Every structure is written in structure tokens, then in C-alpha cells.
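Coordinate inspection notes
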Amino acid sequence: MQPPLFPLSRNNHRGRSKAIMNYDALPTPSSKPEATDFLQTLLNKNLRVGTTDGRMFWGSFKCTDSDCNLVLQHTYEYRPPPLAQLQSAAAAAAAASSDPQSKKVVMDMTSRYLGLVVVPGQYITKIEVEEFASQLKATERKQQQQSQQQQQQQQQQTTTHKVEIS
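What counts, and where the lines are drawn
Residues numbered from 1 in each chain as written. Predicted model: local features only at pLDDT ≥ 70, side-chain atom pairs only at ≥ 80, totals over all residues. Heavy atoms only, no water. Core = buried A, V, L, I, M, F, W, Y, C linked by side-chain atoms within 4.5 Å. Buried < 20%, exposed > 50% of the residue type's maximum accessible area, 1.4 Å probe, protein only. Helix = DSSP H or I, 4+ residues; strand = E, 2+ residues; numbered from the N terminus. Contact = heavy atoms within 4.5 Å. Salt bridge = Lys/Arg side-chain N within 4 Å of Asp/Glu carboxyl O. Pairing = 2+ DSSP bridges.

- Per an unreviewed UniProt entry, the chain goes by Sm domain-containing protein and derives from Podospora pseudocomata.

1. Some remarks on the nonpolar core
- Leu47, Val49, Phe61, Leu70, Leu72, Val119 and Ile124 are the most contacted members of the largest nonpolar core, which totals 13 residues.
- Only α1 (32-42), β2 (46-51), β3 (56-64), β4 (70-79), β5 (110-119) and β6 (124-131) provide two or more residues apiece to this core.
- A total of 3 residues in this core trace back to one element, the largest contributor, which is β6.
- Setting aside chain neighbours within four positions, we find leucine 72 in contact with Leu47, Val49, Phe57, Gly59, Ser60, Phe61, Gly115, Leu116, Val117 and Val119.

2. Re the pattern of salt bridges
- Scanning the model with the defined rule gives 6 salt bridges in all.
- Glutamate 77 is paired through a salt bridge with arginine 55; the nearest N and O atoms lie 2.8 Å apart. Of this pair, glutamate 77 sits in strand β4 while arginine 55 sits in the loop between β2 and β3, and the two are 22 residues apart along the sequence.
- Its relative accessible area of 27% is what places arginine 55 among the partly exposed residues.
- Linking glutamate 77 and arginine 112 is a salt bridge whose minimum nitrogen-to-oxygen distance equals 2.4 Å. Taken together, the positions of glutamate 77 in strand β4 and arginine 112 in strand β5 put the pair 35 residues apart, joining distant regions of the chain.
- The buried category is assigned to glutamate 77, whose relative accessible area is 1%.
- Each of Asp53, Arg55, Glu77, Arg79 and Arg112 takes part in a single network of salt bridges with overlapping partners.

3. What about unusual backbone geometry?
- Positive phi, close to 65°, is recorded for asparagine 44, a residue that is not glycine.
- Within the element layout of this structure, asparagine 44 appears in the loop between α1 and β2.
- A relative accessible area of 52% places asparagine 44 in the exposed class.
- The phi angle at histidine 74 is positive, at roughly 55°, despite the residue not being glycine.
- With respect to the secondary-structure elements, histidine 74 resides in strand β4.

4. Thoughts on the pairing of β3
- Both β2 and β3 contribute to a ladder of 5 bridges, which runs antiparallel. When the sheet's bridge partners are listed, valine 49 is paired in β3 with phenylalanine 57.
- Following β2, the chain reverses through 4 residues before pairing antiparallel with β3; glycine 54 in that reversal takes a positive phi of roughly 95°.
- Bridge count for β3 against β4 is 7 bridges, and the pairing is antiparallel. Bridging across to β4, serine 60 finds its partner in glutamine 73.
- Where β3 folds back on β4, the antiparallel hairpin that results is connected by 5 residues, among which cysteine 68 adopts a positive phi of roughly 65°.

What follows is the structure, encoded as C-alpha cells:
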């Protein structure tokens, strides 16, 4: 599993703890009804969408279409710093540090609030679902209830009724 494109720091978005689900690790739906059900489970959940130009959009998933365009509400855009700024920060860190092994430079991403956004499907590179611990427990309970209902339906279908004709 790949690390997220641009992980949000704990200070962003009121410091809530997050559990990130990688879209690549999710099972691939094998039929259209399964795909529809899967997308319905994602409605109103926060998604982090990475694009080909390095930006990341964080917002509430509202809908999609057949071209894989995503509509996000209450969206924030995160942009990496320009290359020149990264190079100057790396040079300053190298000059300030006596340890040649320290090549790591940490810089903040630029962010801005956009509101309602359509992200074109052709430019999406990664989608991550953000769920909190309370949402994960509710999802697990719902899945257990659905599996129990399916088992009950299967049992009802397999039982045969004897009819006596006199």
C-alpha cells in the first residue's frame, strides 16, 4: 500500500484523529449493483483526491458520473510548494546542518477553501476515504446486520414446506 500523497497534519481540520482507507486496497465490485452500493456507502464521507499535477482536494463526496468525475462539497485544495522554494529550503537546511545524512526537508503545503468542486476523472491519481473510529464501528455493525439478513434469507429459501393433498 502506498503512503498518501500529502498527509494532512493533525493540526489541520480541528485536530481530529483519522483512519485513512486507501482506495487501491478496497475490493473491486464485480457487478453494477455492487458498484452502486459501494458508491452509496461513500456518500457524504470525506475523500482525499490526488491529481496528476500534485494537488490534493479534501472534501465531502456528493456524486460521480460515468466519466469518473467527482463532485466534492466544502472542499479544501492543498498545493505543494514550488520547486524553487523547495530547493532553497533544502540548501538552507544543508548549510545549517553539520550532519550530511539529514536530507529531509519539511515544508507546509499551501491550502485554500474552494467550496463545491468538480474534479475531472481523467486527472485523478488517488482517492482515499477518511473515516473516524465511530464511523468504522457503525460500518462494521451495518455489514454484520446485512450478512445476518442474507443468511436468514438463504435459510428461508432452502426450507421446504410439505403439502398434503387428500
